[in-house]
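# Working through the structure, step by step
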There are 4 protein chains.
Amino acid sequence: MIIILKQNADKNKVENLKENLKELGFSLHESRGENTEIIGLVGDTSKVSENDLRAIDIIENVRRIQEPYKKANRKMHPKDTVIDICGHKIGAGHFQVIAGPCSVESEEQMNEVARRVKLSGAMLLRGGAFKPRTSPYSFQGLHNKGLDLLLKAGKSNNMPIVTEIMDTAHIELFENVDVIQVGARNMQNFELLKKLGKLNKPILLKRGLANTLDELLMSAEYIMAGGNENVILCERGIRTYENAYRNTLDISAIPMLRKLTHLPIVVDPSHAAGMRFMVEPLAMAAIAAGADGLMIEVHNNPEKALCDGAQSLTPEMFDSLMVKIKGAVEFFGKKID
Amino acid sequence: MIIILKQNADKNKVENLKENLKELGFSLHESRGENTEIIGLVGDTSKVSENDLRAIDIIENVRRIQEPYKKANRKMHPKDTVIDICGHKIGAGHFQVIAGPCSVESEEQMNEVARRVKLSGAMLLRGGAFKPRTSPYSFQGLHNKGLDLLLKAGKSNNMPIVTEIMDTAHIELFENVDVIQVGARNMQNFELLKKLGKLNKPILLKRGLANTLDELLMSAEYIMAGGNENVILCERGIRTYENAYRNTLDISAIPMLRKLTHLPIVVDPSHAAGMRFMVEPLAMAAIAAGADGLMIEVHNNPEKALCDGAQSLTPEMFDSLMVKIKGAVEFFGKKID
Amino acid sequence: MIIILKQNADKNKVENLKENLKELGFSLHESRGENTEIIGLVGDTSKVSENDLRAIDIIENVRRIQEPYKKANRKMHPKDTVIDICGHKIGAGHFQVIAGPCSVESEEQMNEVARRVKLSGAMLLRGGAFKPRTSPYSFQGLHNKGLDLLLKAGKSNNMPIVTEIMDTAHIELFENVDVIQVGARNMQNFELLKKLGKLNKPILLKRGLANTLDELLMSAEYIMAGGNENVILCERGIRTYENAYRNTLDISAIPMLRKLTHLPIVVDPSHAAGMRFMVEPLAMAAIAAGADGLMIEVHNNPEKALCDGAQSLTPEMFDSLMVKIKGAVEFFGKKID
Amino acid sequence: MIIILKQNADKNKVENLKENLKELGFSLHESRGENTEIIGLVGDTSKVSENDLRAIDIIENVRRIQEPYKKANRKMHPKDTVIDICGHKIGAGHFQVIAGPCSVESEEQMNEVARRVKLSGAMLLRGGAFKPRTSPYSFQGLHNKGLDLLLKAGKSNNMPIVTEIMDTAHIELFENVDVIQVGARNMQNFELLKKLGKLNKPILLKRGLANTLDELLMSAEYIMAGGNENVILCERGIRTYENAYRNTLDISAIPMLRKLTHLPIVVDPSHAAGMRFMVEPLAMAAIAAGADGLMIEVHNNPEKALCDGAQSLTPEMFDSLMVKIKGAVEFFGKKID
């Protein structure tokens with residue numbers, strides 16, 4: 001960490017600051033430019049807040065050199081993490097497709113979709129029982145009943161299930177869920193992250209709609225710091241000034257996260273696009289950029305879907321997409337197993 | 001709501017769509033341009049999701065004409081809402097200053113800060129007991145003990161208190177809190193909003209760091225739809241590409257929210273700026289643009305603050321700022337009472 | 001175009017407005033909702049400014065239904081445009097790689113890079129003679145001399161050249177240039193676009209760093225409206241809040257532009273990333289998402305480059321990248337010829 | 001400037017790098033942390049490009065400590081610059097209002113608007129003869145004839161004029177213009193900036209719609225480096241994800257620019273808002289935040305304006321706004337003279 005002192009900072013205060021920093025266990029490297037004096041902090045700066053330092057009168061600015069996350073940091077764990085979901089691996093060359101409807105609506109719907117996406121080659125089943133909706137007047141999900149229907153569909157089709165949690169109060173309901181998803185709006189719901197850190201099951205952590213990669217990794221760190229290192233990151237589009245599409249898929253996040261962290265990275269082209277015709281090109285781009293998996297919305301009747309129908313594929317569309325996905329995954333040197 | 005049909009949409013499907021829309025209770029107004037056919041929906045569209053419509057094969061796009069919020073909408077409630085906080089009014093010309101430290105740290109700190117800001121003219125006391133921190137390794141607040149210290153300081157200085165809630169599981173702990181704050185990261189924690197809608201006390205709802213005004217008002221609508229219409233909106237800076245400051249204060253939000261809604265609007269210049277020297281000019285700008293209140297961080301020793309010291313004023317600085325605030329509030333035709 | 005009237009708009013004024021709109025040649029379709037009255041304009045609205053309408057007292061808002069561009073619009077020209085650059089085609093399945101250094105520096109450098117990228121399979125040679133640099137103290141390019149060196153290197157290696165123009169005053173200097181590039185910062189330099197519209201050679205139009213796809217297409221329209229329909233669009237990353245990379249490559253722009261326009265689309269992964277290690281994954285993603293070409297920076301000695309060395313590949317790196325590009329282009333069903 | 005080396009960087013390469021940096025005239029300060037080795041560069045780094053350094057194999061990252069601008073930098077010129085426009089001062093407590101129509105349309109219009117805004121107290125007259133319009137089909141301004149009408153209206157009302165230049169080819173036409181405006185879209189038209197640096201008249205430099213304050217100051221530096229130090233900065237709203245208004249006025253830019261530079265700062269609330277009702281609150285906020293001037297659109301018949309009518313005030317509205325502006329300028333301690 002680099003501390004830049006103000007021009008003409010009071011010398012006694014500078015001496016005091018240095019003493020305090022040394023007491024905190026840092027060694028200091030000082031350097032004086034023509035107009036600027038800087039102090040380099042050597043030691044573990046992950047517990048030091050830049051803002052606390054900026055509050056000090058004689059400090060002009062502070063620049064962090066080392067990433068503030070540790071357990072999620074590739075520098076500390078050079079090898080790719082592989083997460084095993086009931087026998088299906090993700091990471092380090094293992095690729096997974098998670099498919100299913102936005103919302104669980106009925107037993108028939110879940111069974112039909114599960115059966116079809118399994119046939120097409122998806123290994124994991126998704127479906128929302130608790131739905132974050134912008135409007136209080138929109139359908140909010142079937143809650144407990146939805147969870148039951150999803151679990152049943154997963155069981156009878158022999159597919160592990162992935163579903164979203166919205167509140168710490170619901171954690172017990174998710175006992176039999178195979179992968180718990182944290183939605184974009186809850187990426188910085190820190191109380192929830194802490195509780196998920198106490199569990200022993202994979203967490204699919206979606207990037208918030210305007211969160212940086214550093215913040216995403218710090219949220220992963222919350223879960224990992226609690227003891228649960230099974231975190232899968234998910235890029236699902238960010239908010240920009242462009243509104244030709246619902247979100248802007250940040251494809252650059254994939255190679256950059258690959259460099260920064262050892263955790264597996266999944267892409268959700270359905271939410272990123274918000275429109276059916278973009279799902280295929282974005283899915284192909286994600287594979288080409290190095291993603292470890294895809295999350296794709298499939299509905300047996302998207303025109304009647306209770307949420308986000310605009311981006312859902314029909315089982316037929318998904319089936320022909322899966323042919324292309326399998327080809328591309330193989331072409332780019334990964335395997336679905 | 002306007003539905004734009006695809007060029008060459010199948011005529012039978014168009015007829016089916018119209019029948020379905022009529023069954024939902026809408027009257028339809030059709031209009032055919034040179035290249036485009038559109039259908040206007042007349043009726044209450046607040047329960048219709050644009051995305052559901054976009055999922056339909058023959059629909060090119062959908063444009064909403066009416067705002068999707070009702071209870072928060074000025075069109076439905078033309079008069080400014082005034083909220084009474086233990087005798088202190090906010091809204092419709094009544095202006096309030098909420099002051100106090102980012103985090104509650106100790107009894108001495110809270111008492112000292114409360115005493116000083118009260119002397120300077122602040123009516124409401126803030127302080128964080130549960131702190132949302134980006135890093136799991138940062139100080140997370142004193143929790144229950146912090147709430148107790150804040151309540152005590154409020155009581156002995158005769159100031160209502162404002163403090164942030166982070167989890168539905170904590171609602172009972174907030175029983176004696178006068179105003180419950182929802183932080184920016186929880187603006188779309190819908191489970192929390194629903195629970196707060198069942199309470200009978202004012203909620204200070206902060207705008208999320210990349211949320212639109214429409215989304216902010218929809219989150220207010222969540223609380224109001226539950227029965228609690230005491231919502232105070234808070235602009236605290238948004239995330240943009242500019243990183244000369246922590247956030248970009250969206251001053252335009254004040255006149256626009258004033259037009260869209262009847263709810264009171266507070267500005268938090270401390271969090272928007274993230275730097276002490278910007279608090280005064282941003283506070284002045286907020287008053288000039290028509291805000292109903294300010295939320296300002298004050299710490300008796302900002303250089304030792306456990307969080308966000310960089311933006312905290314000392315009690316002396318706050319005292320001289322309050323002189324200017326009082327002058328400006330009066331100059332712009334409001335009153336602090 | 002849809003005009004939404006204010007609640008309680010004066011009836012006489014509404015009648016006047018309607019008369020005026022009819023005189024402009026539009027037919028009107030009116031529709032009255034519970035709280036809102038709207039007027040639909042049928043006719044050619046490309047010359048009508050939404051802002052002019054919004055200025056009118058009784059108008060609440062205006063929504064455009066049809067895109068404001070015509071010549072660039074796929075609805076008007078359903079077939080993909082193919083542009084022929086000295087015998088090398090781009091568009092409609094024809095894929096091109098443009099390679100070369102950021103800046104032209106010397107005869108040796110240009111010849112060496114041209115020879116190497118040609119050997120690896122690039123058909124078009126790039127190089128900057130006029131360089132837009134944020135700082136007046138940075139190297140600004142070799143200007144006329146740089147153009148000469150680039151032309152020479154192109155000629156002796158039998159490669160058409162692509163180079164950036166920065167000022168209308170330089171147009172004559174570009175007489176022998178095969179493809180003129182408009183940089184991101186000049187995307188809305190309308191005087192320049194108008195002059196390029198009078199030429200009869202391909203223009204590579206880069207998207208501005210915070211411009212929408214609609215604005216990009218309107219800038220293409222400027223060139224096309226002048227008579228020059230040989231426009232190649234280039235996505236090179238947009239500015240967002242994320243600063244882990246220089247720009248955020250907007251991969252979603254490719255399928256969306258494909259839908260909106262018939263013009264060829266090129267991607268510049270070097271500028272988007274700003275970092276060498278990201279060029280390959282972003283290039284692969286661009287091909288997978290359907291791009292018609294790539295623009296890649298190659299320098300024989302990136303560590304000594306006079307500009308943007310951080311993103312330049314060495315000829316060796318480019319050679320091994322071209323092997324992958326060729327494979328991916330073929331896999332995704334296009335051809336380099 | 002701080003250079004962060006890669007972990008395990010080759011020692012010989014590090015030695016070479018240090019030698020090269022010393023040859024460039026820098027003294028070096030080295031510091032070795034647990035995982036990181038950094039080199040501090042002491043000397044004038046304004047000519048060193050971060051990207052050139054990042055290209056070097058053994059360098060992980062580079063952080064700039066000193067601002068890259070000099071002439072615009074308050075550290076080099078602590079006192080506020082005052083610019084004299086034909087006897088009207090701006091900066092250091094002197095406040096100016098620039099008013100007039102978006103476009104010059106006719107002699108009658110210009111004379112009427114000039115007469116009225118002068119009567120209300122505006123000292124400077126604006127009007128566009130060359131108009132940057134997103135669409136090639138929109139009115140592009142009266143060009144030379146418009147300039148003549150503007151000059152005439154300025155002369156007969158004894159008001160200096162401010163008008164926008166769009167092309168280096170037009171510079172001679174602007175010989176009698178008192179203040180030349182560079183529009184947001186041309187903020188990084190570096191060829192234009194260089195030419196304006198050779199003139200001896202004030203330049204009003206508008207911030208680009210997605211440019212940082214650093215970039216704005218670097219563009220000012222382009223003009224100043226050429227010898228023309230009469231630069232007035234103008235904040236006119238930036239592009240964000242929020243689209244409730246045309247642009248988001250960046251009010252925080254005012255105090256931050258005040259800290260970074262000695263140049264005067266003007267705010268354009270008309271373009272920032274894009275809507276008439278927001279002009280007053282944003283103008284008040286700009287004064288309160290410390291701006292040195294305002295630029296406001298006034299049209300004698302906004303409903304018939306050829307451009308941007310939606311944000312233009314009538315002379316009557318402007319007259320009552322000027323009463324408030326005068327009051328607020330005085331209240332906040334500045335004077336209009």
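What you see is a predicted model; the values in this text were computed from it and never measured.

### What to know about the relation of the copies chain C and chain D
- Once turned by 180° and shifted 0.0 Å along the axis, chain C lies on chain D with an RMSD of 0.0 Å. Such values leave the two copies arranged in the relation of a two-fold axis. Across chain C, the smallest distance between a C-alpha and the rotation axis is recorded for A210 of chain C, namely 3.0 Å.
- The overlap is high: 98% of the interface residues of chain C also sit at the interface in chain D, so the same surface is used on both sides.

### What about the interface of chain C and chain D?
- With 50 residues of chain C in contact, the opposing surface of chain D contributes 49 residues.
- Counting the surface lost from both chain C and chain D, the interface buries some 4300 Å², and carbon and sulfur atoms represent 49% of this.
- Between chain C and chain D we count four salt bridges in total.
- When the shortest N-O distance is used, the salt bridge between R239 of chain D and E215 of chain C registers 2.6 Å.
- The interface formed by chain C and chain D holds 22 residue pairs in polar contact (both at pLDDT 80 or more) in total.
- Elements with a minimum of two residues in the side of chain C that touches chain D: α2 (50–54), α5 (190–196) and α6 (213–225) of chain C.
- Looking at the side of chain C that touches chain D element by element, the count peaks at five residues for α6 of chain C.
- Of the residues contributing to the side of chain C that touches chain D, the split by class is 18 nonpolar, 14 polar and 18 charged.

### Points about the relation of the copies chain D and chain B
- Of the transformation placing chain D onto chain B, the axial shift is 0.0 Å and the rotation is 180°, giving an RMSD of 0.0 Å.
- Both copies contact each other with a shared surface, as 100% of the interface residues of chain D are interface residues in chain B too.

### Let's talk about the pattern of salt bridges
Residue and element names in this part refer to chain B.
- If you walk through the whole model with that rule in mind, you get 97 salt bridges over all chains.
- Between E112 and R115 there is a salt bridge whose closest N-O contact spans 3.3 Å. You can see E112 and its partner R115 sitting in helix α3 (residues 107–120), three residues apart, about one turn around the helix.
- With a relative accessible area of 25%, E112 lands in the partly exposed category.
- What makes R115 partly exposed here is its relative accessible area of 42%.

### Concerning helix α3 (residues 107–120) of chain A
All names here are of chain A.
- Counted at 1.5 Å a residue, the expected span for α3 with its 14 residues is 20 Å, and the 20 Å between its end C-alpha atoms agrees.
- Turning to α3, its buried residues are Q109, M110, V113, A114, V117 and S120. Along the axis of α3, the buried residues cluster in a sector spanning 135°; they form a single face. Along α3, exposed side chains directed more than 90 degrees from the buried face belong to E108 and L119.
- Buried residues in α3 make contact with β7 (94–100), β8 (124–126), α4 (144–156) and α10 (315–331).
- Count one or two residues on from α3 and you reach G121, which has phi positive near 120°.

### A short note on the interface of chain D and chain B
- Contact with chain D, which involves 37 residues of that partner, is made by 37 residues of chain B.
- It is Y241, M256 and F331 of chain D that lose the most area in chain D upon contact with chain B, and together they represent 21% of the buried surface on that side.
- If you look at where chain D meets chain B, you find two salt bridges.
- A salt bridge links R207 of chain D to E242 of chain B; its shortest N-O distance comes to 2.8 Å.
- For the pair chain D and chain B, the interface holds twelve residue pairs in polar contact (both at pLDDT 80 or more).

### Comments concerning the side chain of Q140 of chain A
- Summarising the element assignment, Q140 of chain A is placed in the loop between β8 and α4.
- Given the relative accessible area of 13%, Q140 of chain A is considered buried.
- In this structure the side chain of Q140 of chain A is engaged in a polar contact, spanning 3.3 Å, whose partner is the backbone oxygen of S135 of chain A.
- In terms of polar contacts, Q140 of chain A uses its side chain to reach the side chain of K194 of chain B, at 2.9 Å.
- Those residues within four positions of Q140 of chain A in sequence are excluded, and the remaining contacts are A129, F130, K131, R133 and S135 of chain A together with K194 and Y222 of chain B.

What counts as what
- Numbers given to residues run from 1 along each chain, matching the order in which its sequence is written.
- Labels follow written order: the first chain is A, the first ligand is 1, and so on.
- With pLDDT at 70 or above as the cut-off, local features in this predicted model cover only qualifying residues; side-chain atom pairs require 80 or more to be listed or tallied, and sums for whole chains, interfaces and linings still use all residues.
- With hydrogens and water set aside, each side-chain value is computed from the structure's full complement of heavy atoms.
- Fitting of the copies onto one another was done by least squares over C-alpha atoms, counting residues only where both copies have pLDDT of at least 70.
- Here, residues are in contact when the closest pair of their heavy atoms is within 4.5 Å.
- Buried area: the sum, over both parts, of the accessible surface (1.4 Å probe) that disappears when the two are put together.
- Salt bridges are defined by distance alone: a side-chain nitrogen of Lys or Arg within 4 Å of a carboxyl oxygen of Asp or Glu.
- For this analysis, a polar contact is any N or O atom pair within 3.5 Å, provided that within protein one partner can donate a hydrogen and the other can accept it, and provided that sequence-adjacent residues contribute only side-chain to side-chain pairs.
- Secondary structure is summarised from DSSP: a helix means a run of H or I of at least four residues, a strand means a run of E of at least two, and numbering begins at the N terminus for each.
- Only Asp, Glu, Lys and Arg are considered charged, only Ala, Val, Leu, Ile, Met, Phe, Trp, Tyr, Cys and Pro nonpolar, and every remaining residue, Gly among them, polar.
- Each residue gets one of three labels from its accessible area relative to the maximum for its type: buried under 20%, exposed over 50%, partly exposed in between, using a 1.4 Å probe on protein chains only.
- For a helix, the expected span equals 1.5 Å multiplied by the residue count minus one.
- What the arc measures is the spread of directions leading from the helix axis to the C-beta atoms.

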